[in-house]
Amino acid sequence: PEGLAADWLFRQVDGRWVLSEPTVEQVGAPRIVEHEHFTFTTYPWAGDVNNEVIKRMENARLRVQERLSQAPAEKAEVHIIPIYGLTRGTNPSFIAQYLPSQEGLDRIMIYAPRSFLFGFYDPQIGWEQDLENVLTHEYTHMAHERNFDNAGNLATWMSEGLAEYVAGSTSITLAFEAARTGDIIPIVDTESDVLNKQDLAHFYSLDKDIGLAYGLSQSLVTYIVETYGGLDAFWKLARALDETQDLDEALRAAFKVTYTGFDRGWRAWLAK
C-alpha cells in the first residue's frame, strides 16, 4: 500500500526472487526470558528485534496502567514468533493477539517484525511505535478481563472500543469520515430480522468495514468518556449491560437516556 513499508525475506529460485521464511529448524530452539510481569518466549532467528519487542511490551503495560489506573497482577506468557510455520492454523490477520486462559497463564502472541505476517507499517513512525500501539490494545483486553471482570462483553464494541481508546488509535478518524459521508454502522440493528446482524453489537460477524467498526467503537467510548463522566461512566454502563443484557435498559440505568437519545447524541458528537 502507498506510504507503507514491510521488511520481508526473499530468496532466489531458478533466477526469480520469491518471498521466503526459514524452516522451524532454522529459527533455533526457543529461549525463555523471565520479567516481573511477563514470561517471554523468544527465538534466535529474531535476535535482532527481540529486545525491542520486549521493551515495547513493557511500555504497553505502563500505558494501560496509566490510562486505566490498573494493570493485571497476573503474569502473561508472551511468545515472539519469527515465522508462521511455528503457529500454523492461527489467525494470520493480527500481528499480535491476546488469548485468555482459564487454566494457567494468559498468552499474548506477537509476530516478530520482519516476519511475513507482521506485514506493513508506517515508516514515518517506525515499526516500533506501530507495534507498541497494537500491544497496548491487546494488553488492554487482558486488563479488561483480569481487572474489570470483562464488564460489557455482551457488546463487542465496548471491548474493542476500550482497547482502541487506551491505545490512542487513529482509527477514530474513520468514524469522523463516516459521519460526513453517512456510512455509520448502527450500534444495534433494531430494524432487520436477519440472524447475521450488521451492527457494532455483533462486531465480529460484520461482512465488511471492520476497520471502520474499530473506529466507531473507539468513538463511542470517547463519546461516553467526554459526555457522561470519564471512564467511570464507561464502567457504569458496562456493568449495567451485564445486569440487564439490554442496551436500552442499561443506558436508562446508567445515564438516564434512551438508546434512541444516546444514538442521536453520539451521531451529533461525531458530526462536530
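Below, the structure is looked at part by part. Quick caveat: nothing in here was measured; it's all calculated off a predicted structure. (Residues numbered from 1 in each chain as written. Predicted model: local features only at pLDDT ≥ 70, side-chain atom pairs only at ≥ 80, totals over all residues. Heavy atoms only, no water.)

1. Details of the packing of aromatic side chains
Basically, it comes down to this: Between 30 and 60 degrees the pair is tilted, below 30 it is stacked and above 60 it is edge-to-face, where a pair is any two Phe, Tyr or Trp rings, Trp via its six-membered ring, whose centres lie within 6.5 Å. We call a residue buried when its accessible area falls under 20% of the maximum for its residue type, exposed when it is over 50%, and partly exposed in between, using a 1.4 Å probe and counting protein chains only. Criterion for a charge above a ring: Arg CZ or Lys NZ at most 6 Å from the ring centre, at most 35 degrees from the ring normal.
Within this structure, the stated rule accounts for 15 aromatic pairs. A ring pair is formed by F118 and W127, whose centres lie 6.3 Å apart and whose planes are at 90°; its orientation type is edge-to-face. Taken together, a centroid distance of 5.4 Å and an interplanar angle of 70° make the contact between F203 and Y204 edge-to-face. Judged by relative accessible area, which is 1%, F203 ranks as buried. Put simply, the rings of F176, Y223, Y228, F255, F262 and W269 touch in pairs and so form one group of aromatic residues. It is R67 that lies over the ring of Y165; its NZ or CZ is 4.2 Å from the centre.

2. Points about the packing of helix α1 (residues 50-68) against helix α2 (residues 127-147)
Put simply, the rule reads: Axis geometry follows a simple rule: fit a line to the C-alpha atoms, using only the stretch in contact for helices, then measure angles between N-to-C directions, giving values from 0 to 180 degrees. Where helices and strands are cited, they refer to DSSP runs of H or I of at least four residues and of E of at least two residues respectively, numbered from the N terminus. Any angle between 65 and 115 degrees counts as roughly perpendicular, while under 35 counts as roughly parallel, over 145 as roughly antiparallel, and the rest as oblique. Crossings are sorted by hand: turned counterclockwise from the far helix by less than a right angle, the near helix makes the crossing left-handed, and turned clockwise it makes it right-handed. Any two residues whose heavy atoms approach within 4.5 Å are treated as being in contact. Think of it as three bins: nonpolar holds Ala, Val, Leu, Ile, Met, Phe, Trp, Tyr, Cys and Pro, charged holds Asp, Glu, Lys and Arg, and polar takes everything else, Gly as well.
Closest axis-to-axis distance for the α1/α2 pair is 8 Å, and the angle between their directions is 50°. Here α2 runs oblique to α1, going by the angle between their axes. Once α1 is placed against α2, the crossing between them reads as right-handed. Between α1 and α2, the residues in contact are E52, V53, R56, M57, N59, A60, R61, R63, V64 and L68 and W127, E128, Q129, L131, E132, N133, L135, T136, Y139, T140 and A143, respectively. Here the contact of α1 with α2 is built from residues that sort into 10 nonpolar, five polar and six charged.

3. Some points on the environment of Q129
Considering the arrangement of structural elements, one finds Q129 in helix α2. Considering only alpha carbons, one finds Q129 and R56, 73 residues apart in sequence, at a separation of 7.9 Å. Once residues within four sequence positions are removed from consideration, Q129 is found in contact with R56 and R63.

4. Describing the side chain of H144
Looking at the element boundaries, H144 is found in helix α2. What H144 contacts, discounting residues up to four positions off in sequence, is D149, N150, A151, S159, L162 and W235.

5. Side note on the pairing of strand β1 (residues 10-13)
Here is the rule we go by: Two strands form a pair only when DSSP identifies at least two bridges running between them.
When β1 meets strand β2 (residues 16-19), the two strands line up antiparallel, connected through four bridges. Bridging across to β2, V13 finds its partner in R16.

6. Considerations on the pattern of salt bridges
Heads up, the condition is: Think of a salt bridge as a Lys or Arg side-chain nitrogen and an Asp or Glu carboxyl oxygen that are within 4 Å of each other.
Enumeration according to the criterion identifies nine salt bridges in this entry. Here K75 ties to E34 by a salt bridge, and the two come within 2.7 Å at their closest N and O atoms. Here E34 lies in strand β3 (residues 31-34) and K75 lies in the loop between α1 and β5 (76-81), a separation of 41 residues in the sequence. A salt bridge links R146 to D106, with the nearest nitrogen and oxygen atoms 2.6 Å apart. Highlighted residues: R146 in helix α2 and D106 in strand β7 (residues 106-111), separated in sequence by 40 residues. For D106, a relative accessible area of 3% translates into the label buried. The network of salt bridges with common partners includes E52, R56, R63 and E132.

7. Some remarks on the sheet that holds β3
One open sheet accounts for five strands, arranged β3-β4-β5-β7-β6; its pairing is mixed. The two strands at the open ends of the sheet, each matched to only one other strand, are β3 and β6 (96-99). The average angle at which neighbouring strand axes cross in this sheet is 20°, direction not considered. Note that β5 and β7 share six bridges and pair parallel. Counted as the bridge partner of E77 is R107 from β7. Contacts between α1 and the sheet are confined to β4 (38-42), β5 and β7, with β4 contributing the most and set at about 155° to the helix. Taken strand by strand, α2 contacts β4, β5, β6 and β7, and its axis lies near 10° from that of β6.

Function cannot be read off these values alone, since they describe shape.
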